Every structure is written in structure tokens, then in C-alpha cells.
Amino acid sequence: MLIPLVAATAPAAAATPTVSCTSGKAGLAAKLKKDITAALSGRKGTVAVGLYDRSTNTTCSLRSTNAYDSASVVKVTVLATLLWDAKKHNRYLTSREVSLTTAMITKSDNNATSALWKQLGLTKIKGFLSAAGMTRTKPGANGYWGLTQINVQDEQKLLKLITAKNSVLSDNSRAYTLKLMGKVVSSQRWGTPAGAPSGVSVHVKNGWLQRATHGWRIHSVGTFNGRGHDYMITVLTQDNSTMSYGVTTIQNVAKAIHKDLVPTTVGTKAFVPTSRPQEAVPAVPAS
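Residues numbered from 1 in each chain as written. Predicted model: local features only at pLDDT ≥ 70, side-chain atom pairs only at ≥ 80, totals over all residues. Heavy atoms only, no water.

Right, let's get into helix α2 (residues 75-88). Taking 1.5 Å per residue, 14 residues should reach 20 Å; α2 reaches 20 Å between its end C-alpha atoms and fits that length. A large share of α2 lies buried, amounting to 12 of its 14 residues. Taken residue by residue, α2 has Lys-75, Val-76, Thr-77, Val-78, Leu-79, Ala-80, Thr-81, Leu-82, Leu-83, Trp-84, Asp-85 and Ala-86 as its buried positions. Looking at the buried side of α2, the elements it contacts are α3 (95-106), α4 (110-131), α5 (152-163), α6 (171-181) and β6 (201-210). At the exit of α2 stands Asn-90, carrying a positive phi of roughly 55 degrees. (Helix = DSSP H or I, 4+ residues; strand = E, 2+ residues; numbered from the N terminus. Expected span 1.5 Å × (residues − 1). Buried < 20%, exposed > 50% of the residue type's maximum accessible area, 1.4 Å probe, protein only. Contact = heavy atoms within 4.5 Å.)

So this is what it looks like as C-alpha cells:
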């Protein structure tokens, strides 16, 4: 009796999620999908991407619900929580709060963040997350705000709240947030702004953190307005071998997005981020 030889099959490798894009502008979704995929080609690490442009009703997403340790990106959520709570109590920020929020966003000051996190408490932070529909974001326990679990989907919801009229944040609160994100010190203006053409305003907040598992987490969220476009980008990464490797991955993606979304003429200057990126490293428990 002949028994057919069957080649042993190796376990199937986990399929890499593909970038998903939709757009109200003909041809744009396919171009973005192709160019974001190309930007990530050969790059190691686990990358999640979110893009939304109001002007062309364009969205792109990759691993949009994967959870990442927030690092300093959560500082935008801390600011939004404070402003949301102040609005509920019909009050302005105190001079102390203005000082703390300015340091927290423009210089990524960890002590300022810890002071505001403690002042707000988990009840208010969770209250804001609920109001904002950021249902998958989990605040870090025991004061470790840098270990808040974030994802692209919720970060994009937050950026949408900051950039358009809504019932959660007042117009003044949104303007204040964008003002601070637009004044981040130059050494921290890397990541999603890379390649943004002149004439487009840039608002950014970044974060990084190294841990024993999953190596460096490198993240960048940004909102951009100008040249007929109003868009926001979130890129979250982990499993990076070095800090600079993750920064490069994010900036490759950002350059592709800006180029496709806001076509420019020859000679148009593009934003060139610092070659020596800096960011505050949040405290984490001893492993």
C-alpha cells in the first residue's frame, strides 16, 4: 500500500495586520496604504498607527486597539482631565495649575505631571475617560501614570476632542491645549511633525519609556492644521531596540502621511525635527 508523502508544515506565522485606509478623496486611501506600508517595510518593532483628516474624510489605522504603556503621551489626557473638571465647576485654572500644565506639556515635566495626577485622582481621570469615550484607556495604578494603557483608537478620540467643538471640552480649553502643544521645546518636537510642510501648524506630544519586556516604547501624537487640511496622527510603538530606532520608525510613517495628504510644490520646506530628540522618562516600578 502506497502512502503519499505529506511535507510537514511549519506553524503559520502570525499574520502582520495590514494598514486600513478610507477616504472621501479618490485615490488617496490606496496611496496612503501603500506609502505607510512601505515606510514600515523591514522595520522591527510593533507599530500602531492612526490618521484622521477632516478635510478629506480620510482615516488610516493599524493595530488601533493594541494597548501600549503610555509614557509621557498621557500628559495630554491629564491636561484634558483638569480642563474638563474645571469646566464642570465653572472655574478658571489657578496660577499654580497654569504653571504646572505649561511645564507638563511644553517641557514634559514629570514632577508637574505627578502633582496634577495626585490632585485629580483616579475618580476624576476615569470620569474624563468615560466622558471622552476613551473606554479602552486604563489609568496607571499607584501613581505610575506612565504605565497608563493607551491605544491608537482612544488617542485619536482625544485629538478629535482637542481640535473641534464638542460638549466635553470648552473652546477655551481646546485652544489652551493646542497652544501648549504648539510650544513644546524644540528638542521634544520630533515624531509625527516630521515632514509637515510649511504653512501647516504643528501641535505635538511625545513619550518614551524602556522596560525589561518589549524594550523601548516610543510614541508620538500630533495635530496639524493648514493648507486646506485639518488632521491628526497617532503612532505608538514598542519592541524597539533603541530610542532612536523607534523615533526613526515614527518619522518614516509621518513623512509618508504628510507627503500624501498635503501635496506641495517643489521648494516647499518641510519640518525637520531635531537630530537629538529628548523626552522625559516616567518612573516605573522596580522590576
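Past the structure itself, the notes keep going.
Let's shift gears to unusual backbone geometry. Negative phi is the rule for most residues except glycine; trans is the rule for most peptide bonds. The phi dihedral of Asn-57 is positive, around 50 degrees, even though this residue is not glycine. Along the chain, Asn-57 turns up in the loop between β2 (46-53) and β3 (58-62).

The next point concerns the packing of α3 against α4. At a minimum axis distance of 8 Å, the contact between α3 and α4 shows a crossing angle of 130 degrees. By the criterion of interaxial angle, the relationship of α3 to α4 is oblique. Handedness of the crossing formed by α3 with α4: left-handed. Together, Arg-96, Glu-97, Leu-100, Thr-101, Ala-103 and Met-104 of α3 and Ala-112, Thr-113, Ala-115, Leu-116 and Gln-119 of α4 make up the contact between the two elements. (Axes fitted to C-alpha atoms, helices over the stretch in contact; angles between N-to-C directions. Parallel < 35°, antiparallel > 145°, perpendicular 65-115°, else oblique. Left-handed = near helix turned anticlockwise from the far one by under 90°.)

For Ser-220, the position within the fold is in strand β7 (residues 216-226). At 2.9 Å, the side chain of Ser-220 and the backbone nitrogen of Thr-192 are in polar contact. In contact with Ser-220, other than residues within four places in its own chain, are Trp-190, Gly-191, Thr-192, Pro-193, Val-204, Lys-205, Asn-206, Ile-233, Thr-234, Val-235 and Ile-250. (Polar contact = N/O pair within 3.5 Å; in protein donor to acceptor, adjacent residues only side chain to side chain.)

This brings us to the pattern of salt bridges. Counted under the stated rule, the structure contains 13 salt bridges. Here Asp-260 and Lys-31 are joined by a salt bridge, their closest N and O atoms 3.8 Å apart. In this pair, Asp-260 sits in helix α7 (residues 243-261) while Lys-31 sits in helix α1 (residues 28-40), placing the two residues 229 residues apart along the sequence. Of the charged contacts, one joins Lys-259 and Asp-260 as a salt bridge, the two residues approaching to 3.1 Å between their closest N and O atoms. With relative accessibility at 3%, the residue Asp-260 sits in the buried group. (Salt bridge = Lys/Arg side-chain N within 4 Å of Asp/Glu carboxyl O.)

Attention now moves to the sheet that holds β6. As summarised here, the arrangement of the six strands in space is β1-β3-β2-β8-β7-β6, forming an open sheet in which the pairing is antiparallel. At either margin of the open sheet sits one strand with a lone partner, and together these are β1 (20-22) and β6. On average, each strand axis in the sheet is inclined to that of its neighbour by 5 degrees, with strand direction left out of account. Inspection of the sheet shows β1 paired to β3 by three bridges, in the antiparallel sense. In the sheet register, Thr-22 faces β3, and the bridge partner there is Thr-59. Relative to strand β8 (residues 229-240), α5 is tilted by about 150 degrees, and along the sheet it contacts β2, β7 and β8. Packed onto the sheet, α6 meets β6 and β7 and runs at close to 70 degrees relative to β6. (Pairing = 2+ DSSP bridges.)

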